[in-house]
Amino acid sequence: MTEAEQLRPVPRERAIMESFFTQLGMFSFDRAKDYVEKEKDNSKSAGAIWAALLAALAHLAAAEKAYHNMTFLGQKLGGQSFFSRKDSIRTIYTSLYNELRKVVTMGRHAQPGSASYLEDLLSHLSEQLCHFTQARMEMADLYEKMHSLGTQKSINSDELVTILEAVLQKYSSRFHHPILGRVEEGFQTEVDVVTQLLHCQAQVSEWHFLPALLSLHGANSKLTAWGQLFQRQKETRKHLFGGQSQKAVQPPHLYVWLQRFQAALLAKFSFYFHEALNRQTTPTEMRALTARTTPDYHGKICSFIRKHDANSVSLVFDNRGSESFKGHGYHHPHSYREAPKGVEQFPAVVSLPSGERPHTHWPNVIMMMGDRAAELNTLDKVVHFYDDKVQSTYYLTRPEPHFTLVVIFDGRKSEKDSHITAFLQEISGSLRNSKPFSTLKPGSKG
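On a predicted model such as this, the values are computed, not experimentally measured, just so you know. (Residues numbered from 1 in each chain as written. Predicted model: local features only at pLDDT ≥ 70, side-chain atom pairs only at ≥ 80, totals over all residues. Heavy atoms only, no water.)

Peer 1: What exactly am I supposed to notice about the overall build of the protein chain here?
Peer 2: Of the regular secondary structure elements, the protein chain holds 17 helices and seven strands. For the protein chain, the proportion of its 446 residues judged to be buried stands at 49%. Summarising the internal contacts of the protein chain: among those between residues at least 6 apart in sequence, 66% fall at separations of at least 24. For the protein chain, the accessible area works out to roughly 22,200 Å², and carbon and sulfur atoms hold 51% of it. (Helix = DSSP H or I, 4+ residues; strand = E, 2+ residues; numbered from the N terminus. Buried < 20%, exposed > 50% of the residue type's maximum accessible area, 1.4 Å probe, protein only. Contact = heavy atoms within 4.5 Å. Areas by Shrake-Rupley, 256 points an atom, 1.4 Å probe, with all protein chains shown as cover.)

Peer 1: What's the story with the nonpolar core in this structure? I'm lost.
Peer 2: A general trend in soluble globular proteins is that nonpolar side chains are found buried together. By size, the foremost hydrophobic cluster in this structure holds 112 residues, and its most contacted members are F21, Y143, F187 and Y272. The dominant element in this core, judged by the number of residues it contributes, is helix α6 (residues 116-148), at 15 residues. Not counting residues up to four positions away in its chain, the partners in contact with Y272 are V204, W207, L315, V349, P399, E400, F403 and L431. Within the second largest apolar cluster, 14 residues are counted, among which are A348, I366, Y394 and L396. (Core = buried A, V, L, I, M, F, W, Y, C linked by side-chain atoms within 4.5 Å.)

Peer 1: Would you take a moment to explain the pattern of salt bridges for this structure?
Peer 2: Any two side chains of opposite charge can pair, so long as their charged atoms come close to each other. Counted by the stated rule, this structure contains 15 salt bridges. Between E37 and K33 there is a salt bridge; the shortest N-O distance is 3.0 Å. On the criterion of helical spacing, the pair formed by E37 and K33 is a turn pair, its members being four residues apart in helix α3 (residues 29-42). By relative accessible area, E37 is classed as partly exposed at 32%. Here R136 and E190 are joined by a salt bridge, their closest N and O atoms 3.1 Å apart. On the criterion of sequence distance, the pair formed by R136 in helix α6 and E190 in helix α8 (residues 181-205) is long-range, its members being 54 residues apart. Connected through shared salt-bridge partners, E64, R136 and E190 make up one network. (Salt bridge = Lys/Arg side-chain N within 4 Å of Asp/Glu carboxyl O.)

Peer 1: Mind showing me how you'd approach the sheet that holds strand β4 (residues 348-352) here?
Peer 2: Pairing is antiparallel in the open sheet, where five strands are placed in the order β4-β3-β7-β6-β5. One side of each edge strand has no neighbouring strand; the edge strands of this open sheet are β4 and β5 (383-387). Across the sheet, the mean angle from the axis of one strand to that of its neighbour is 15°, orientation sign disregarded. As paired strands, strand β6 (residues 392-400) and strand β7 (residues 403-410) are joined by seven bridges and run antiparallel to one another. Looking at the pairing, L396 lines up with V406 of β7. Strands β3 (312-317), β4 and β7 of the sheet are contacted by helix α13 (residues 297-308), whose axis makes an angle of about 45° with β4. (Pairing = 2+ DSSP bridges. Axes fitted to C-alpha atoms, helices over the stretch in contact; angles between N-to-C directions.)

Peer 1: What am I meant to see in the environment of K413 here?
Peer 2: Of note, K413 is situated in the loop between β7 and α16 (418-432). C-alpha of K413 to C-alpha of T393: the two residues are 20 residues apart in sequence and 6.0 Å apart in space. Those residues within four positions of K413 in sequence are excluded, and the remaining contacts are H308, H384, T393, Y395 and I420.

Peer 1: Looking at this structure, how should I read the pairing of β3?
Peer 2: Successive side chains on a regular strand alternate, one facing one side of the sheet and the next facing the other. Extensive coverage of β3 is indicated by the burial of six of its six residues. Taking every second residue as pointing to the same face, both faces of β3 are buried, with S312, S314 and V316 on one and V313, L315 and F317 on the other. As defined by bridge partners, β3 adjoins β7 across six bridges and the pair is classed as antiparallel. Paired with S312 across the two strands is I408, which belongs to β7. Note: β3 against β4, four bridges, orientation antiparallel. Looking across to β4, one finds that V316 is bridged to A348.

Peer 1: Would you mind showing me how to read the pairing of β6 here?
Peer 2: Among the nine residues in β6, nine count as buried, and that is most of the element. Of the strand pairs in this sheet, β5 and β6 are connected by five bridges, and their pairing is antiparallel. Within β6, the position partnered with V383 by the bridge is L396. Between β5 and β6, which pair antiparallel one after the other, the connecting turn spans four residues, and Q391 there sits at a positive phi close to 55°. The turn joining β6 and β7, which pair antiparallel and follow one another in sequence, is formed by two residues.

Peer 1: Can you walk me through unusual backbone geometry in this structure?
Peer 2: At the junction of T294 and P295, the peptide bond is cis and its omega measures out at 0° in the coordinates. With respect to the secondary-structure elements, P295 resides in the loop between α12 (283-291) and α13. With omega at 10°, the peptide bond leading from L352 into P353 counts as cis. Relative to the assigned elements, P353 resides in the loop between β4 and α14 (362-371). Despite not being glycine, L379 has its phi angle at roughly 65°, a positive value. By secondary structure assignment, the location of L379 is in the loop between α15 (373-376) and β5. Phi is positive for N433, close to 60°, though the residue is something other than glycine.

Peer 1: Quick question: what am I supposed to make of the confidence of the model for the protein chain here?
Peer 2: For residues with low pLDDT, the predicted coordinates do not support detailed interpretation. Of the residues in the protein chain, 84% reach a pLDDT of 70 or more, and the chain-wide mean stands at 86. In this model residues 77-86 is a low-confidence stretch, pLDDT under 50, and it forms 22 contacts with partners more than four residues away in sequence or in other chains. (pLDDT = per-residue confidence, 0-100.)

Peer 1: What am I meant to see in the packing of α8 against helix α10 (residues 253-272) here?
Peer 2: To describe two helices that pack against each other, one gives the angle between their axes and the distance between the axes. At a minimum axis distance of 10 Å, the contact between α8 and α10 shows a crossing angle of 25°. As judged from the angle between their axes, α8 and α10 are roughly parallel. Of the two elements, α8 crosses α10, and the hand of that crossing is left-handed. Here E190, V193, V194, L197, L198, C200, Q201, V204 and S205 of α8 lie close against α10, whose contacting residues are L254, L258, F261, Q262, L265, K268, F269 and Y272. (Parallel < 35°, antiparallel > 145°, perpendicular 65-115°, else oblique. Left-handed = near helix turned anticlockwise from the far one by under 90°.)

Take a look at the structure:
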């Protein structure tokens, strides 16, 4: 299509499409669907290609609603209706893809004439929307995979990031027409946010402060900007006995889930890097800030220590084999620090209530981490040990490969103390951060 052809006005049809995709980009799926269906009814005398595209756009709005509300997760293929709840998201988008291909074909076989520019435009847009539907199917497959990982003990975030980057590379600039600007922007934002959150998940699990901070900040900035699209909207509701009211449009489940996932990562980040963050403020303000995270790991552990009179609770990082390890917080990439040896290979990420690791107990902790490694590596076992020499009881569990949670009590405690083991399993399971994946499906409990 030449530049001169692009400048020719097609006011009505172009305005309708721009309005439709603007509404779609603001998550107003029902409004967008009603808009093109009404236009289709009012354009019965229009050409076949325009009617065919309007029908496809109505189906696109319905598909986008199902996609963003994640109603397809855990559903099986079947059902006769085009948008039956039993239809898988792949079935929905495949049917839509076939509709759009027909519009492309109609445009290519159109007769030359005054309407040829419009037909070329509709065919061109339909071809780009075909790429969009394929991108949606691949993203839906990824969410299905992520949802299935909700029951796993550990999640390989890097593998998921590789899939996301391949999708982005494959479809980048494949639906770039200005009319599809909102669609392209929304797709790019979604993929960027999910990628950054998964990057953060992997970076926190390697105790990499600055990369995790940048990923978390980047995801938060994009989520905030994305959310403003529907926060500015108002939905008018008419009451049964007259009158009407306005309220903010509710965000779709996918957006809400991304917010929750980010909140879970923020809580974990605040706990794993508590010492580095604590240096930037007062203890009182730090407690107030961590109290706002969900869950508040610092608050939960302090409460447990007071309630059960524990000597200490520590999270230990095993940095053996990590050449880049330099200690808490940020370090300049060119700064030199000798590789840690001995007990320094097992620093306390967090140690409560004092903030200092229990030095006299540390050799015992390291010894048990080695002797009971096979049990700890199952990631759901709570290991118990009583040392008669120091008259202390130790409980250990491993939330993820490089980290071990250790509770120390003065005196003898039972191996079967359900309050202690339940607390350790709760904290450990939460730190694993796989539960948010199970809540991708609406109505699921994390």
